[in-house]
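Listed below, chain by chain, are the residues.
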Amino acid sequence: MAKTKSSFLNMVVTLAIITIISALAVTAIYLATKDPIAIAQKNKQEKAIKEVIPDFDNLEIKKVTTSEGETITINKGLKDGQLVGYAVESYSKKGYDPTLIIVMVGFKPNGEIINTAVVQQKETPGLGTKMVEPFFKDQFNSKNPSSFNIKVKKDGGDVDAITAATISSRAFCDAVDRAYNVLIKEGEIK
């Protein structure tokens, strides 16, 4: 077999073929993983909702767009037609990592926090990632943001920050506070 002469046209054709094959491979991988990723994300959200509000048999879902263009989801938990609580999927852009921190916050109908669950975060391993640990997140439980200042103590609030992870602690507080304020703004809590 004779060697192909190296020319500009041959190089362009070869590069075009490689690009097309690569694009097809990436597309195939995307299509193969798209549905499993969506299912995993949905399962993670459902688990977080069950973690933050009491037993419920029905959810009413309301999406609210913030002034920042992000969406906050209010999941109104009902049991036999009676309101048992809210699971609010909130966010913060104030973390150490530029990825949104997404937190599910459970509230009783009176505004008291039931529980919190981190849905997404990419904070510093061993520092900011400790926001999922009970010693940090449980300090919000049974607190009402109307009287509990959801800021770290360093900023004049009532929250004990994670040692060496004040930025992540502030971001978590920001997400919880945003969830509460959306419930008030939407007239869910008075």
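Conventions we followed
Residues numbered from 1 in each chain as written. Predicted model: local features only at pLDDT ≥ 70, side-chain atom pairs only at ≥ 80, totals over all residues. Heavy atoms only, no water. Helix = DSSP H or I, 4+ residues; strand = E, 2+ residues; numbered from the N terminus. Rg over C-alpha atoms; globule rule 2.2 N^0.38 Å. Buried < 20%, exposed > 50% of the residue type's maximum accessible area, 1.4 Å probe, protein only. Contact = heavy atoms within 4.5 Å. Areas by Shrake-Rupley, 256 points an atom, 1.4 Å probe, with all protein chains shown as cover. Lys, Arg positive; Asp, Glu negative; His and termini not counted. Charge placed at Lys NZ, Arg CZ, Asp CG, Glu CD. Pairing = 2+ DSSP bridges. Axes fitted to C-alpha atoms, helices over the stretch in contact; angles between N-to-C directions. Core = buried A, V, L, I, M, F, W, Y, C linked by side-chain atoms within 4.5 Å.

J.: What is the right way to look at the overall build of the chain in this model?
T.: Within the chain, the regular secondary structure consists of three helices and five strands. The linear arrangement of helices and strands in the chain, starting from the amino end, is α-β-β-β-β-β-α-α. For 190 residues, the compact-globule estimate of 2.2 N^0.38 gives 16 Å, and the chain exceeds it by more than 25% at 23 Å. Within the chain, the proportion of its 190 residues that are buried is 37%. In the chain, 47% of the contacts between residues at least 6 apart in sequence involve partners at least 24 apart. Accessible surface for the chain amounts to roughly 11,300 Å². Of this, 58% is attributable to carbon and sulfur atoms. Put simply, the chain has 25 plus and 22 minus side-chain charges, and the middle of one group is 7 Å from the middle of the other.

J.: How should I be thinking about the sheet that holds strand E5 (residues 113-120) in this particular structure?
T.: As a general point, the strands of a sheet are linked pairwise by backbone hydrogen bonds and lie either parallel or antiparallel. In space, the five strands of this open sheet follow the order E1-E2-E3-E4-E5, with antiparallel pairing throughout. Every interior strand has two partners, whereas the edge strands, strand E1 (58-65) and E5, have only one. Averaged over all neighbouring strand pairs, the angle between strand axes comes to 20 degrees, with direction disregarded. Here strand E4 (residues 101-107) pairs with E5 via six bridges, running antiparallel.

J.: Would you take a moment to explain the nonpolar core for this structure?
T.: In a soluble, globular protein the nonpolar side chains are often hidden away together inside. Core analysis: the biggest nonpolar cluster contains 42 residues, and Val-88, Met-104, Phe-107, Phe-140 and Phe-172 have the highest contact counts within it. At the level of elements, helix H1 (8-52), strand E2 (71-79), strand E3 (82-92), E4, E5 and helix H3 (166-185) are the ones that each hand at least two residues to this core. At nine residues, H3 tops the list of elements feeding residues into this core. Those residues in contact with Phe-140, other than ones at most four positions away along the chain, are Ile-113, Thr-116, Phe-148, Ile-150, Val-159, Phe-172, Cys-173 and Val-176.

J.: Can you help me understand the pairing of E3 in this one?
T.: When a strand is regular, its side chains alternate between the sheet's two faces. Burial analysis of E3 places eight of its eleven residues in the buried class, which makes it a mostly covered element. Pairing between E2 and E3: seven bridges, direction antiparallel. Residue pairing for E3: Leu-78 is matched across the bridge by Leu-83. In this antiparallel pair of consecutive strands, E2 and E3, the connection spans two residues, and Asp-80 shows a positive phi of 55 degrees. Two elements, E3 and E4, share seven bridges in a ladder whose sense is antiparallel. Within E4, the position partnered with Tyr-91 by the bridge is Ile-102.

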